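Structural overview
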Amino acid sequence: QVQLVESGGGLVQAGGSLRLSCAASGSISSINAMRWYSRAPGKQLELVAAITSSGSTNYADSVKGRFTISRDNAVNTVYLQMNSLKPEDTAVYYCNADVLRVGVIGSSGYWGQGTQVTVSS
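Quantities reported herein were computed from a predicted structural model and do not represent experimental measurements.

**Side note on the pattern of salt bridges**
Overall, the coordinates contain three salt bridges when judged by the stated rule. Where Asp98 meets Arg35, a salt bridge forms, and the shortest distance between an N and an O atom there is 2.8 Å. Placement of Asp98 in strand S9 (residues 91-101) and of Arg35 in strand S4 (residues 28-39) is noted, with a sequence separation of 63 residues between them. The same class applies to Asp98 and to Arg35, which are both buried. Where Asp89 meets Arg66, a salt bridge forms, and the shortest distance between an N and an O atom there is 2.7 Å. Taken as a pair, Asp89 in the loop between strand S8 (77-82) and S9 and Arg66 in the loop between strand S6 (57-59) and strand S7 (67-72) lie far apart in primary sequence, 23 residues in all. Pair check on accessibility: Asp89 and Arg66 agree, each one buried.

**Considerations on the nonpolar core**
Trp36, Leu80, Met82 and Tyr93 are the most contacted members of the largest nonpolar core, which totals 31 residues. Mapped by element, the contributors of at least two residues to this core are strand S1 (2-7), strand S3 (18-26), S4, strand S5 (46-51), S7, S8, S9 and strand S11 (115-120). If you tally residues by element for this core, the top one is S9, at five residues.

**What about the sheet that holds S7?**
Overall, antiparallel pairing links the four strands, which are arranged S1-S3-S8-S7 in an open sheet. Bordering the open sheet on either side are S1 and S7, each of which pairs with just one other strand. Direction aside, neighbouring strands of the sheet carry axes that sit 15° apart on average. Where S3 and S8 come together, six bridges link them in antiparallel fashion. Within the sheet, the bridge partner assigned to Ala23 lies in S8 and is Thr77.

Calculation rules
- Sequence positions are assigned chain by chain, starting from 1 and proceeding in written order.
- Local features in this predicted model are restricted to residues of pLDDT 70 or higher, and side-chain atom pairs are both shown and tallied only at a pLDDT of 80 or more, whereas totals for entire chains, interfaces and linings draw on every residue.
- With hydrogens and water excluded, all non-hydrogen atoms of the structure serve as input to the side-chain values.
- Just to be clear on terms, a salt bridge is a Lys or Arg side-chain nitrogen sitting within 4 Å of an Asp or Glu carboxyl oxygen.
- Counting from the N terminus, the helices are DSSP H or I runs at least four residues long and the strands are E runs at least two residues long.
- Each residue's exposure class comes from its accessible area (1.4 Å probe, protein chains only) as a fraction of the maximum for that residue type: buried when under 20%, exposed when over 50%, partly exposed otherwise.
- Joining through side-chain atoms within 4.5 Å is the link that ties buried Ala, Val, Leu, Ile, Met, Phe, Trp, Tyr and Cys residues into a set, and such a set is a nonpolar core.
- Think of it this way: DSSP has to see at least two bridges between two strands before they count as a pair.
- Convention adopted: a line fitted to C-alpha atoms gives each axis, helices being fitted over their contacting stretch, and angles between N-to-C directions are expressed from 0 to 180 degrees.

The structure is reproduced here in structure tokens:
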């Protein structure tokens, strides 16, 4: 099986920074795209940022210039550096990865358990 474990959430004041991490483990052959999503209270799940296996990135307009997604393929980990945080960034953040498992044809999507980010004004 494959597990994604997130860490790094917490409470921060507006203007502050947090760094989220998401480590994938298990019977992994390789990982294609990795993504961060957010779900704010009363809102739908939103794509925040994505990164391909080669490092190409894309961001939601609301976080461009403030958040940076990166990955370390050697340790199957994706990061989200969050700077200049705003109260409206408050949400549960989930990582998602397209994983090719050892001995399995085709990739499958896996999700982390989520980590809470709260930004106070």
